[in-house]
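Structural overview
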Amino acid sequence: MRLYRVYYRVINYPSLTRIEVMIVLGIESTAHTIGIGVVTDKEPYILSDSRRVYVPPKGGIHPRESSRFMSEVVSDVIKESLNQAGINIEEVDAIAVALGPGLGPCLRVGATVARALAIYYSKPLVPVNHAVAHIEIGKLVSGAEDPLVVYLSGGNTMITALLGGRYRVFGETLDIPLGNFQDTLVRELGLAPPYVVNGIHQIDRCAEGGKFIELPYVVKGQDVTFSGLLTEALRLYRKGRARLQDICYSAREIAYSAIVEVSERGLAHTGKDEVLLVGGVAASKTLRKKFEVMVSERGAKLYVTPPEYSVDNGVMIAWTGLLLFKHGITIEPEKAIIKQRWRIDRVDIPWAST
Amino acid sequence: MTYHGQVLSRGAEALIVLTVFNGLKAVVKLRIPKGYRDKELDTILRSKRTITEAKILTQAKELGVPVPSVLFTDPQNGVLVIEYIDGKLLKNLLNAVSLDKACSLMQKVGKYVGLMHKNGIIHGDLTTSNMVTVGDEVYIIDFGLSSFSKGLESMGVDIHLFLRALESTHYGRHRELFKCFLKGYALVIGQKTYKDVLEKVREIRLRGRYIEERKKRPL
């Protein structure tokens, strides 16, 4: 670790008063979203947020196609983000980039751009873990202080909390992530893509009016598994043994209940009294309702990351990059290689109080 | 039936109430309905888990594993009354005692888990919060997620969960503690099964998300 002098620059701030701020530009490109965000260490924190999302014509995300899309649009997104922030790239104090975890070809687009910017403009480069970034932006915008974090997205399902300077994993999926589970289910049922229409996931549309039928409910300690549930749900559908809405309703009910159950276990185990939902699936109203009931029964408090920041974006990378940069964490461009399998519990969190 | 007593803890699954049952100091494990899940699912889960827990506690006791005795069950209402174990949570004790002492406790835990696995009992939620020390003895409690299985997969998951619990709660010491646990475990389960289970644990861990070692997996 090399310590950089943390310096402040005087700029024309939105309010037109001149104050000292630190500015970080963040680059996100782990899966389907190429996002560039610019943040500062003073209110309003978020100066700009530009993104483009790769939508596959059919099926799931093909990493090569997604990365091709990203390399085509990335320069536009950077320009747009800088314009929106009303700054020149010279005014940026550091470049932050998500080096993992994620899809290799996509990560490489962000990493290449970040290294190039850092070298060309002689800016320090800050390596950011995508999962940590989801949590830190969630904390910033929701106001949670020391929450049990429930991170649910297409690629991640984990219950984590800060303990001993790192985000420790208290529970996770033993096979497929929750988002992946519900996407695969509706796809195989012939209802998607698109998976989300007008902000509502296809599983929620399909589940309307459904009744409960028994499907495998598997919780192993603080971990969950969904592949057995997926297989059985699809088997019933293919054999015509159950109504579509009953399958959707029960599969969703079981998957969400299992997540809430392991989260409640996490609360009991860690003694935390805040729950923070982050990640793309956190946008689900049905899931949020279940969490609201659980935390109120426990006397805890629920924080939910607003949808715009619960999905992948550049702002979260910039914000986490800023926190890291303030603690002197940077990386040499030649060492800034991507890490597809960069687990959250491998990252030291210097701002952790416990 | 109504139960009077002091609420000992509000676990994730059940309310634990300290009470007196037929003159014995007892614990009522009350699986209260969870408002967040479908009513039907809720009823199924609560009654199934109550029945399984009572069955398994009885069997474990017969095997000689220190567990609370079952005093009364009422599956429809999710009620299980068991003996009260007056001791200290292993979770709190482990970080407070010397490594030697912690090691001998862990070895004992390993022995009991081995004994259960050998007889087809999977605890399902092995954490140090679910172990109570009374003097030199370690009681295994909370069989709420337990099941019957002699499959390598189930044993592997059981051990994996315990290792993960050690990593997240006793980080810093978890390697030594796990080693001591395995020593006791191997002793009871036998070298062959021990090796198979460990291999399974390794395999299960590699299934987790973003594990570095997965890269090195031979094709």
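Scope of this entry: the structure provided in the associated data block. (Residues numbered from 1 in each chain as written. Chains lettered and ligands numbered in written order. Predicted model: local features only at pLDDT ≥ 70, side-chain atom pairs only at ≥ 80, totals over all residues.)

**Quick word on the sheet that holds strand β15 (residues 274-278) of chain A**
Residue and element names in this part refer to chain A.
- Pairing in this open sheet of five strands is mixed, and the strands run β10-β9-β8-β15-β16 from one edge to the other. Since the sheet does not close on itself, it has two edges, and those belong to β10 (166-172) and β16 (301-304), each with one partner. Ignoring which end each strand starts from, the neighbouring axes of this sheet average 25° apart.
- Two strands pair when backbone bridges link them, and β15 and β16 are joined in this way by four bridges, in the parallel orientation. Within β16, the position partnered with Glu-274 by the bridge is Lys-301.
- Set on the sheet, helix α3 (residues 130-142) makes contact with β8 (148-152), β10, β15 and β16; between it and β15 the angle comes to about 120°. (Pairing = 2+ DSSP bridges. Helix = DSSP H or I, 4+ residues; strand = E, 2+ residues; numbered from the N terminus. Axes fitted to C-alpha atoms, helices over the stretch in contact; angles between N-to-C directions. Contact = placed C-beta atoms within 7 Å.)

**Looking at the packing of α3(A) against helix α10 (residues 314-326) of chain A**
All names here are of chain A.
- Their axes nearest at 8 Å, the elements α3 and α10 cross at an angle of 90°. Taken together, the axes of α3 and α10 are roughly perpendicular relative to one another. Seen from α3, the contacting residues are Val-132, Ala-133, His-134, Glu-136, Ile-137 and Leu-140; seen from α10, they are Val-315, Met-316, Ile-317, Trp-319, Thr-320 and Leu-323.
- Here the contact of α3 with α10 is built from residues that sort into nine nonpolar, two polar and one charged. (Parallel < 35°, antiparallel > 145°, perpendicular 65-115°, else oblique. Nonpolar A, V, L, I, M, F, W, Y, C, P; charged D, E, K, R; others polar.)

**Notes on helix α1 (residues 39-63) of chain B**
Residue and element names in this part refer to chain B.
- Here α1 contains 25 residues, and its C-alpha end-to-end distance of 36 Å stays within 8% of the 36 Å for a straight helix at 1.5 Å per residue.
- Residues Leu-45, Arg-46, Arg-49, Thr-50, Glu-53, Ala-54, Ile-56, Leu-57 and Ala-60 constitute the buried set of α1.
- Buried-residue contacts for α1 involve β4 (70-74), β5 (79-83), α3 (99-118) and β7 (121-122).
- Phi for Gly-64, located one or two positions after α1, is positive at around 95°. (Expected span 1.5 Å × (residues − 1). Buried ≥ 20, exposed ≤ 12 C-beta atoms within 10 Å, placed from the backbone.)

**Overview of unusual backbone geometry**
- Following Glu43(A), the chain continues to Pro44(A) via a peptide bond in cis, the omega torsion being 5°.
- Tracing the backbone shows Pro44(A) in the loop between β4 (33-40) and β5 (46-53).
- Of note, the bond from Gly100(A) into Pro101(A) is cis; its omega dihedral lies within 30 degrees of zero at -10°.
- Tracing the backbone through its elements, the reader meets Pro101(A) in the loop between β6 (94-100) and α2 (104-120).
- In the Ramachandran plot, Tyr45(A) falls in the positive-phi region, its phi being about 65° despite a non-glycine side chain.
- For Asn22(B), which is not glycine, the phi torsion reads 50° and is therefore positive.

**Side note on the pairing of strand β9 (residues 137-140) of chain B**
All names here are of chain B.
- Because side chains alternate across β9, one face comprises the buried residues Val-138 and Ile-140, and the other comprises Glu-137 and Tyr-139, none of which is buried.
- Summarising the sheet, strand β8 (residues 131-134) and β9 pair through four bridges and their orientation is antiparallel. Directly across from Val-134, in β9, lies its bridge partner Glu-137.

By themselves these figures say nothing about function.
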